[in-house]
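# Structure assessment
Listed below, chain by chain, are the residues.
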Amino acid sequence: NRQQIARVSANAHNLPGLSIDIAQIRFYPNGYNYAHIIGYVSTISKKEKENSDNPLYDNPDFKIGKRGIEKYYDSTLQGKSGVKQLEVNAHGLPVRELSNKESTPGDNISLTINIDIQNYVMSLLKEQNGSVVVMDVDNGDVLAMCSSPSFDPNKFTYGISSGEWNNLINNQDKPLLNRAIASSYPPGSTFKLIT
């Protein structure tokens with residue numbers, strides 16, 4: 001918390017090797033209802049590291065989009081990293097700043113998902129297996145895209161345990177499967193009206 005940070009900062013000269021770093025991390029409020037649309041960010045895999053020339057991929061704390069909107073718009077949302085060069089003394093304490101290139105925030109994006117409709121449809125699905133897509137007939141906007149069962153994307157942000165991962169991938173209901181876009185279902189009786 002802030003009090004602990006202040007205490008550490010005030011005693012930094014007595015704590016060699018310890019430094020405070022501020023970073024942002026994704027949090028998905030009500031993530032269960034949006035996991036299949038938004039996706040999640042997570043640590044870079046060994047294969048992703050090998051297939052990229054991005055130097056940030058060597059940072060063990062760096063996260064990239066893995067599914068959904070997070071993956072599709074990853075480069076748009078990431079922005080550009082900054083670089084700060086510091087001169088430090090023998091104790092590792094900063095003496096002066098040599099250079100500072102500010103980071104550039106990523107772009108904002110807007111979705112057509114209606115929060116009220118999405119939450120309502122997910123409340124109807126509960127833990128049933130299925131999907132519902134609600135679209136605006138006038139312009140084709142996707143107002144809700146629900147897939148159930150779902151999962152909590154916040155677990156991936158902080159690092160999912162092997163036990164939780166095994167529960168997800170071995171679950172017979174396949175909560176990681178986005179049924180709205182990755183499954184095929186026979187058309188219901190409403191299709192008879194079209195034919």
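Predicted model only: the values in this text are computed from it and were never measured.

About the criteria used
Every residue gets a number counted from 1 within its own chain, in the order that chain's sequence is written. The predicted origin of the model limits local features to residues at a pLDDT of at least 70 and limits the giving and counting of side-chain atom pairs to 80 or more, whereas totals for whole chains, interfaces and linings rest on all residues. The side-chain quantities take in all heavy atoms of the structure and omit both hydrogens and water. Pairs were defined over the aromatic rings of Phe, Tyr and Trp, the Trp ring being its six-membered one, requiring ring centres within 6.5 Å. Orientation was assigned from the angle between planes: stacked under 30 degrees, edge-to-face over 60, tilted for the rest. Secondary structure counts use DSSP, requiring at least four H or I residues in a row for a helix and at least two E residues in a row for a strand, with both numbered from the N terminus. Note on classification: 1.4 Å probe, protein chains only; a residue is buried when its accessible area is under 20% of the maximum for its type, exposed when over 50%, partly exposed between these limits. What counts as a salt bridge is simple: a side-chain nitrogen of Lys or Arg found within 4 Å of a carboxyl oxygen of Asp or Glu. Any pair of residues with heavy atoms lying within 4.5 Å of one another is described as a contacting pair.

### Re the packing of aromatic side chains
Within the structure shown, the criterion is met by 6 aromatic pairs. When the centroid spacing of 6.1 Å and the interplanar angle of 85° are considered together, the rings of Tyr40 and Phe151 count as edge-to-face. Of the two residues, Tyr40 is situated in the loop between α2 (31–38) and β1 (41–43) and Phe151 in the loop between β6 (142–148) and α7 (154–158); the sequence distance between them amounts to 111 residues. The exposure classification of Tyr40 matches that of Phe151, with both residues buried. Here a set of aromatic residues connected by ring pairs shows up, and it is made of Tyr40, Phe151, Phe156 and Trp165.

### Section: the pattern of salt bridges
Scanning the model with the defined rule gives 5 salt bridges in all. Note that Glu70 and Arg26 form a salt bridge whose closest N and O atoms lie 2.7 Å from each other. Residue Glu70 is found in helix α4 (residues 68–72), and its partner Arg26 is found in the loop between α1 (2–10) and α2; the two are separated by 44 residues along the sequence. In this structure Arg26 comes out as partly exposed when scored by relative accessible area, which is 34%. With its nearest N and O atoms 3.6 Å apart, the salt bridge here joins Glu164 to Lys155.

### Here we look at α2
Taken across its 8 residues, α2 has 6 buried, putting it largely inside the fold. Among the residues of α2, those classed as buried are Gly31, Asn33, Tyr34, Ala35, His36 and Ile37. Each element contacted by the buried residues of α2 is listed here: α4, α6 (115–125) and β6. Trailing α2 by a residue or two, Gly39 shows a phi angle of about 80°, which is positive.

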